[in-house]
Amino acid sequence: MQAGPPPQFAPPTRQRRRRPWIASVFVFVVVFGVITAAAVTGRPVTAAEASAAMRFFPASGTRVVLENSDGTDTVAEYYSTFGAQIAQSAPAAFSYGIKDAEEVTTSSWARIVEVTADASGRVSRRRSRMLSIQPTGLELRADAGARDFQAFEPGLPVLPAVVQDGQEWTAAGTATLGSGRKASGRQPYAATFKATAQDAGCLSISMELTIGRETATREVNTWCPGRGVIATVAGTMTSGQVTRVPRWQAAGRVTADTPPALTDSWSFTRRDLNVAPVALYATVRPVVLPGSVVVYVNTPGGDLVARGWSDGETDPRWSAHPGGQITSAIAIGKIVVAATTERTVVAYGAEGEFLWQAEVDDVSAVPVARFGTLAVLAGLDGTVTAFDAATGRVAWTAQLPTEIRQPMVVGATLTVLDQTGNLLSLDATGAVRSEFETEAPEAFGVADGIAVVASRADSYVRGYRLSDGERLWRVQLTGTRRSITGAGSLAIVARQDELVSLRAADGVQQWARPITPVRVLAQGDRLVVADRTAIRLLDTSGREVASYRTQESDLSFGAGVFLVPDSGDFFCFIGTVAYRREAS
């Protein structure tokens, strides 16, 4: 092929000192950007439509496993979006690659996150790149490692929209250099590029980059349509795509759960874990990994974002994009398992290293459940699928007639109830222990071998022996039954303004407390109840053992409060803040 004319990129503008763009009103910015785009175009904006160069960029949530010449693996994860969502889970370095709030809210962006580790799972390298999607192609705006970063003005034209074999082009501008969250200086940069055609419509693009007086660095990336970068040469390191799981997948991350000991010492520390431009808001239950590492589900961006409780003013430890929106997540030892609206289940290690992805037939409306070493997903099609948490292998499946919208209950068995009242109880091998019909549920729980169901059709709560399905009792409890929680031999029914305890064996009421239960959790012989202002610790007789008044005006606001007893810690999440119970 003959070399064509060089791709046209906007000439460098007069350089000015760039201040990092900080999303102090992030939610407003995201919403404003989406509304503005819709108003201008008359339809939602998609990143894929913003440039012909996006034909090389895979769908969000796609991962490419690269085998490196030094014996490590790298997993590159791709994400593209319109508007300020690109900064919602980002390192501060991305702010130096964004001109201002107007640009970030009215432009399309792409992100590539790379994690490199050895077979033991030891992470040796992280790299996050932000690219501006322009009609002329993809421009690299920021390139952040674990410690240092570079931001480019104008962006480096790493992938033109129209390019031919043998074509060459150049770029020049100013690079902002920094470490951590702070810039340390600005230097002129100059770069030369050359494209070489490969098989299957792929392109190898070489870049030689000089910043200031430093020695030029050379990197060659091979882009393939719909697949992203499938090969790289950087210095003495070569990398190529492989069609296997990462070599670190078998590195023993499934550990026994350590429930927190809830004693009379009931003191909490409140923190806001947001550090601009990252915006964290608990609309889905966060998870907690060993070492008090909190993993948020960011919406609407659809990222997992990990922050250490005591990290302070630092970037997130890691972020990842499973694909689509995340419907729920759970911690299983040192593994985070997330279910998505893309009908996938995706798992990451405690350092953000990708482990596995599996497909399911339908989305899930209930939280992923931990059942021993299994991650269990219940779909709206009535399918229950158990995955080995370490490998993603399907251990077993089961089927109910209709959709599942009640949370699964885990005890000696896993108990699932569908929307018409069909109940299924399974052991860890997937064998059916019992199967029978109950009532179409408003709420459901299991206590002391009794399935307790509040009916949607009437005001009664009924108890069924789990082993054979025999109905043992029914009692009338009018009004909304928000949840039913098993606590030893008791079934705790949360009503609108009351907490009622029923003896599971016969349905006889044991006690009632006038309280507005926003969230109820049973932990050993204790009940944790979050009402509108406080986190209360009760014993199973209903006596209040301890109470902690929060600083929040209403814990029922928005998505409400999430009580999370993970990895030996106990957390309470509400909106942008978290409360951690302090050890006695």
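Residues numbered from 1 in each chain as written. Predicted model: local features only at pLDDT ≥ 70, side-chain atom pairs only at ≥ 80, totals over all residues. Heavy atoms only, no water.

This prediction gives the chain a mean pLDDT of 92; 92% of its residues lie at or above 70. Confidence drops under a pLDDT of 50 for residues 1-18, and excluding neighbours within four residues, the segment shows 41 contacts in the predicted structure. (pLDDT = per-residue confidence, 0-100. Contact = heavy atoms within 4.5 Å.)

Take the packing of aromatic side chains next. With the rule as written, the count across this model stands at 16 aromatic pairs. With a centroid separation of 5.2 Å and 25 degrees between ring planes, the pair formed by Y96 and F149 is classed as stacked. Of this pair, Y96 sits in the loop between β2 (73-82) and α2 (101-105) while F149 sits in strand β6 (residues 148-160), and the two are 53 residues apart along the sequence. The exposure class of F149 is buried, given its relative accessible area of 4%. Where W169 meets F193, the ring centres are 5.4 Å apart and the plane angle is 5 degrees; that geometry is what we call stacked. Of this pair, W169 sits in strand β7 (residues 168-179) while F193 is found in strand β8 (residues 182-197), placing the two residues 24 residues apart along the sequence. Like F193, W169 is buried. Each member of the aromatic cluster is reached from another via a ring pair, and the members are W266, F268, Y548, F570 and Y579. The ring of Y460 is capped by R474, whose NZ or CZ atom sits 3.9 Å from the centre of that ring. Above the ring of F562, the side-chain terminus of R519 is found at 4.9 Å from the ring centroid. (Phe/Tyr/Trp six-rings, centres within 6.5 Å; stacked < 30°, edge-to-face > 60°. Helix = DSSP H or I, 4+ residues; strand = E, 2+ residues; numbered from the N terminus. Buried < 20%, exposed > 50% of the residue type's maximum accessible area, 1.4 Å probe, protein only. Lys NZ or Arg CZ within 6 Å of the ring centre and 35° of its normal.)

Taken together, the four strands give an open sheet; going across it, the order is β14-β15-β16-β17, and neighbouring strands pair in antiparallel fashion. Pairing within the sheet leaves two strands with one partner each, and these edge strands are β14 (287-289) and β17 (318-320). On average, each strand axis in the sheet is inclined to that of its neighbour by 25 degrees, with strand direction left out of account. Across three bridges, strand β16 (residues 303-308) lies against β17 in antiparallel orientation. Paired with L304 across the two strands is A320, which belongs to β17. (Pairing = 2+ DSSP bridges. Axes fitted to C-alpha atoms, helices over the stretch in contact; angles between N-to-C directions.)

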